[in-house]
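Summary of the model geometry
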Amino acid sequence: MSRFKQICKGFFGLNEQDSTSKITDQDVENAEKYAAALKSIDETELEEAQLINNLSDYNGHVMYQLRDPQEANSVAKEIQRWTTKKGFTIITHKKSPSGRTGYFYFRLGEDPGSESQKIQGYFAQLPELTKFAFKSAKSNQTRKFKRKKF
């Protein structure tokens, strides 16, 4: 055995496979059980992003929360591609400094009801999102007024 193999074997804890090793009946049985378990997973067991208010609350504003903030840019680009493909016009897109939450403001079309259903369906099926809501982000102007007492 070469010196390099010995170093790697010691560092990674590797064992060389015997040419006589065979797949046992137990291995086959475990693989069949695993395949059966995968087939039994129902669509209701998959997690979807949850809409935390009603479809009727849609007025062009959509806020969303990501599972992983590192995916903020890729998710935003994916949403932008889909919305332009479906004919939505993006007026504003913002994201938090941490990247965990994002905000889109779309121009309202002729039928806000069907628009809200399309957006709800698309955002719900995105695996990167935990939740989303049809509400506007608070602007700095409204935050300043809330801090002041008159």
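In short, a report on the structure.

Conventions used here
- Residues numbered from 1 in each chain as written.
- Predicted model: local features only at pLDDT ≥ 70, side-chain atom pairs only at ≥ 80, totals over all residues.
- Heavy atoms only, no water.
- Helix = DSSP H or I, 4+ residues; strand = E, 2+ residues; numbered from the N terminus.
- Buried < 20%, exposed > 50% of the residue type's maximum accessible area, 1.4 Å probe, protein only.
- Polar contact = N/O pair within 3.5 Å; in protein donor to acceptor, adjacent residues only side chain to side chain.
- Contact = heavy atoms within 4.5 Å.
- Phe/Tyr/Trp six-rings, centres within 6.5 Å; stacked < 30°, edge-to-face > 60°.

1. A closer look at the side chain of Ser116
Tracing the chain through its elements places Ser116 in helix H4 (residues 112–125). For Ser116, a relative accessible area of 2% puts it in the buried group. Polar side-chain contacts of Ser116 include one of 2.8 Å to the backbone oxygen of Gly113.

2. Examining the side chain of His61
Relative to the helices and strands, His61 is located in strand E2 (residues 61–66). A distance of 2.6 Å separates polar atoms of two side chains, one belonging to His61 and the other to Tyr103. Excluding residues within four positions of it along the chain, His61 makes contact with Tyr103, Phe104, Tyr105, Ala133, Phe134, Lys135 and Ser136.

3. Regarding the packing of aromatic side chains
Each pair of aromatic rings is reported with the distance of its centres and the angle of its planes. For the structure shown, the criterion picks out 10 aromatic pairs. A centroid spacing of 6.0 Å and a plane angle of 25 degrees characterise the contact between Tyr64 and Phe104, whose relative ring orientation is stacked. Of this pair, Tyr64 sits in strand E2 while Phe104 sits in strand E4 (residues 101–106), and the two are 40 residues apart along the sequence. Residue classification places Tyr64 among the buried positions, given a relative accessible area of 4%. With a centroid separation of 5.9 Å and 25 degrees between ring planes, the pair formed by Trp82 and Phe88 is classed as stacked. A single burial state applies to Trp82 and to Phe88, both of which are buried. Taken together, Tyr58, Tyr64, Trp82, Phe88, Phe104, Phe106, Tyr122, Phe123, Phe132 and Phe134 form an aromatic cluster joined through their ring pairs.

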